[in-house]
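# Close look at the chain arrangement
Next come the chains, spelled out residue by residue.
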Amino acid sequence: MITLGELWEALRQRWKTIALTGLGCGALGAAVAFMLPPIYTAQAVILPPQQQGSAAASALGSLGALAGLAGGTVKSPADQYIAFMLSTTVEDRVIDQFKLNDLYDEKYRSATRKHLEKNVNITAGKKDGLITIEVDDKDPKRAAEMANAFVEGLRFMTNRLAVTEAQQRRAFFENKLQETKEHLTNAQIALQGTGYNPDALKAEPTATAESYARLRAEVTAAEAKLQSLRHSLAPGAPEMAQQQAVLDTLRAEMSRMEKADTNPSGKGADYISKLREFKYQETLFELFSRQYEAARVDESREGALVQVVDPATPPDRKSKPKRTLIMLGSVFAGLFLAALWVLSRAIRRA
């Protein structure tokens, strides 16, 4: 069995061979490194769009439980905007703008996308929250233009998505407003059909009717919100149990209010019932009117503002290849292989 001393002696006797092999590999690595085309990296830094509550969501928030009818606004993380910039829509815009099919010599657009993704690195800072877009290209000017094109692509996506969302909200509230308007008209006709003239409204318990109508609207909103949660959460989720408890409390309160009716039968009871329905539809009509107008304002607004901290400029120095590292790596690889070859020969001879 060969000893460590014998192995060391074999290396000492062949040190010139090992050194020359390392130098030869280093020279070969340097030649390859200088043959590789220089790659430039352009960098753009942006502040992620800060989503603000829309006018519709703000108005809903002031109405308590009624906000459940239109859902809540969730602040999106920076990762969502990174996904926007790496989406097929944005990538295709960049591909068409810079004719990357020809530049990358790719036949299919899907292959061009993969090639582009290898040259693009988009990250979000953990401490500062800033988004950095880095693009590699052989042309420094084109690298900078492509990095800025991804920023413009993000603007395009946020504008389009915001407008689409506002259009959907406007259409939703427009339909609800039309439906409620018809119900309100019918409720008003039914109330007038009870035989009470408008002056009698001042003498009746309108405050109680309004409270009941408001509570009934809150129950409707809580039911809608619970139904929405069922589509996105598991049955045993804490949010589901919490919303169910809120709904049960509202229903119990409405039940107590119904039992406290001082006119259980007769013409007065019919009038109170019609008055409650009228006030309920009136409350919903007011809600949907405000939301419809707010949604129209949102529809005319631009998407979230993309603030550029540092626009990409053509880099004045290449970032790749790292020729010194390639050369040193080749030298150490050559030394290692040569030493391994010497040791393997010594072991076979032993």
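This text follows the structure it describes.
What you see is a predicted model, and the numbers here were worked out from it, not measured in a lab. (Residues numbered from 1 in each chain as written. Predicted model: local features only at pLDDT ≥ 70, side-chain atom pairs only at ≥ 80, totals over all residues. Heavy atoms only, no water.)

### Regarding the overall build of the protein chain
To keep things clear, this is the line we draw: We count a stretch as a helix when DSSP gives it H or I for four or more residues in a row; a strand needs E for two or more, and each element gets its number in order from the N terminus. Any two residues whose heavy atoms approach within 4.5 Å at even a single point are treated as in contact. Per-residue and other accessible areas were derived by the Shrake-Rupley procedure at a 1.4 Å probe size, with only the shown protein chains allowed to occlude residues.
Helix and strand counts for the protein chain come out as twelve helices and four strands. For the protein chain, long-range pairs separated by at least 24 residues make up 80% of all intrachain contacts whose partners lie at least 6 apart in sequence. Surface exposure of the protein chain reaches about 21100 Å², of which carbon and sulfur atoms provide 55%.

### Considerations on the packing of aromatic side chains
Threshold: Aromatic contacts are taken between Phe, Tyr and Trp rings whose centres are within 6.5 Å, Trp giving its six-membered ring; a plane angle under 30 degrees counts as stacked, one over 60 as edge-to-face, and the others as tilted. In this analysis the charged atom, NZ for Lys or CZ for Arg, is taken to sit over a ring once it is within 6 Å of the ring centre and within 35 degrees of the ring normal.
All chains considered together, the criterion is met by one aromatic pair. Above the plane of the ring of Phe156 lies Arg93, whose end atom (NZ or CZ) is 4.2 Å from the centre.

### What about the sheet that holds strand β2 (residues 120–124)?
To be explicit about the condition: Being paired, for any two strands, means DSSP has found at least two bridges between them. Axis lines are fitted to C-alpha atoms, over the contacting stretch for helices. Their N-to-C directions set the angle, which ranges from 0 to 180 degrees.
The strand order across the open sheet built from four strands is β2-β3-β1-β4, with neighbouring strands paired in antiparallel fashion. Across the chains shown, the open sheet's two edge strands, defined by having one partner strand only, are β2 and β4 (307–310). For this sheet, the mean angle separating the axes of adjacent strands, direction not counted, is 25 degrees. Of the pairings in the sheet, the one linking strand β1 (residues 40–47) to strand β3 (residues 131–137) comprises seven bridges and is antiparallel in character. Bridge pairing in β3 links Ala44 to Ile133.

### Some details on the environment of Ala44
The cut-off we apply is this: Relative accessibility under 20% of the residue-type maximum defines a buried residue, over 50% an exposed one, and the middle range a partly exposed one, all with a 1.4 Å probe and only protein chains included.
Tracing the backbone shows Ala44 in strand β1. Ala44 gets classed as buried once you look at its relative accessible area, which sits at 0%. In the structure, Ala44 is positioned 88 residues away from Thr132 in sequence and 5.8 Å away in space, judged by C-alpha atoms. Setting aside anything within four residues of it in sequence, one finds Ala44 in contact with Ile131, Thr132, Ile133, Ala147, Asn148, Val151, Asp310, Pro311 and Ala312.

### Some thoughts on the pattern of salt bridges
This is how the line gets drawn: Only one rule defines a salt bridge in this text: a Lys or Arg side-chain nitrogen within 4 Å of an Asp or Glu carboxyl oxygen.
Across all of its chains, the model carries ten salt bridges by this definition. Across the salt bridge formed by Arg113 and Asp92, the nearest N and O atoms sit 2.9 Å from each other. Here Asp92 lies in helix α5 (residues 88–98) and Arg113 lies in helix α7 (residues 109–118), a separation of 21 residues in the sequence. The burial state of Arg113 is the same as that of Asp92; both residues are buried. Across the pair Arg256 and Glu253 runs a salt bridge, and its minimum N-O distance is 2.4 Å. Here Arg256 and its partner Glu253 are both found in helix α10 (residues 238–259), three residues apart, which amounts to about one turn of the helix.

### Concerning the nonpolar core
Here is the rule we go by: Residues grouped as a nonpolar core are buried Ala, Val, Leu, Ile, Met, Phe, Trp, Tyr and Cys residues, joined through side-chain atoms within 4.5 Å.
Core analysis: the largest hydrophobic core is formed by 31 residues, its most contacted members being Leu116, Ile131, Ile133 and Phe150. If one sorts the elements of this core by residue count, helix α8 (residues 140–192) sits on top with nine residues. Beyond its immediate stretch of four places on either side in the chain, Ile133 contacts Ala42, Gln43, Ala44, Ile46, Met85, Asn121, Ile122, Ala147, Phe150 and Val151. Counting eleven residues, the second-largest nonpolar core is a separate cluster that includes Tyr212, Leu226, Leu250 and Met257.

### Here's the deal with the side chain of Asp92
Overall, the relative accessible area of 16% leaves Asp92 in the buried class. Beyond its immediate chain neighbours, meaning those up to four positions away, Asp92 contacts Arg109 and Arg113.

### Topic: helix α12 (residues 323–349)
Count 3.6 residues to each turn of an α-helix, and residues three or four apart come out pointing the same way. For clarity, the cut-off: Helix span is expected to be 1.5 Å times the residue number reduced by one.
Along its 27 residues, α12 runs 39 Å from first to last C-alpha, staying within 8% of the 39 Å computed at 1.5 Å per residue. Of the positions making up α12, those classed as buried are Ser330, Gly334, Ala338, Ala339, Val342 and Ala346. Buried residues in α12 make contact with α1 (4–13) and α2 (15–35).

### Let's talk about α5
For α5, the full list of buried residues reads Val90, Glu91, Asp92, Val94, Ile95 and Phe98. Immediately downstream of α5, the backbone of Lys99 shows phi near 50 degrees, a positive value.

### Observations concerning the packing of α2 against α12
Convention followed: With respect to orientation, any angle under 35 degrees is reported as roughly parallel, any angle over 145 as roughly antiparallel, any angle of 65 to 115 as roughly perpendicular, and every other angle as oblique. Handedness of a crossing is defined here by the sense of rotation of the near helix relative to the far one, left-handed for an anticlockwise turn of less than a right angle and right-handed for a clockwise turn. Residue type decides the class: Asp, Glu, Lys and Arg count as charged, Ala, Val, Leu, Ile, Met, Phe, Trp, Tyr, Cys and Pro as nonpolar, and the leftover types, Gly among them, as polar.
Two numbers describe how α2 lies on α12: the axes approach to 7 Å, and their chain directions differ by 150 degrees. Considered as vectors, α2 and α12 are oriented roughly antiparallel to each other. Of the two elements, α2 crosses α12, and the hand of that crossing is right-handed. For the pair α2 and α12, the contacting residues are Ile18, Ala19, Thr21, Gly22, Cys25, Gly26, Gly29, Ala30, Ala33 and Phe34 in the first and Arg323, Ile326, Met327, Ser330, Val331, Gly334, Leu335, Ala338, Ala339 and Val342 in the second. Along the lines of polarity and charge, the residues of the contact of α2 with α12 split into 13 nonpolar, six polar and one charged.

### Some words on unusual backbone geometry
A positive phi angle is found at Lys99, which is not glycine, with a value near 50 degrees. Here Lys99 lies in the loop between α5 and α6 (100–103). For Lys99, a relative accessible area of 57% translates into the label exposed. Unusually for a residue other than glycine, Asp105 sits at a positive phi of about 55 degrees.

### Some thoughts on the environment of Val308
By secondary structure assignment, the location of Val308 is in strand β4. When the C-alpha atoms of Val308 and Val151 are compared, they prove to be 8.2 Å apart, with 157 residues separating the residues in sequence. Leave out the neighbours within four places in its chain, and Val308 touches Val45, Ile46, Val151 and Arg155.

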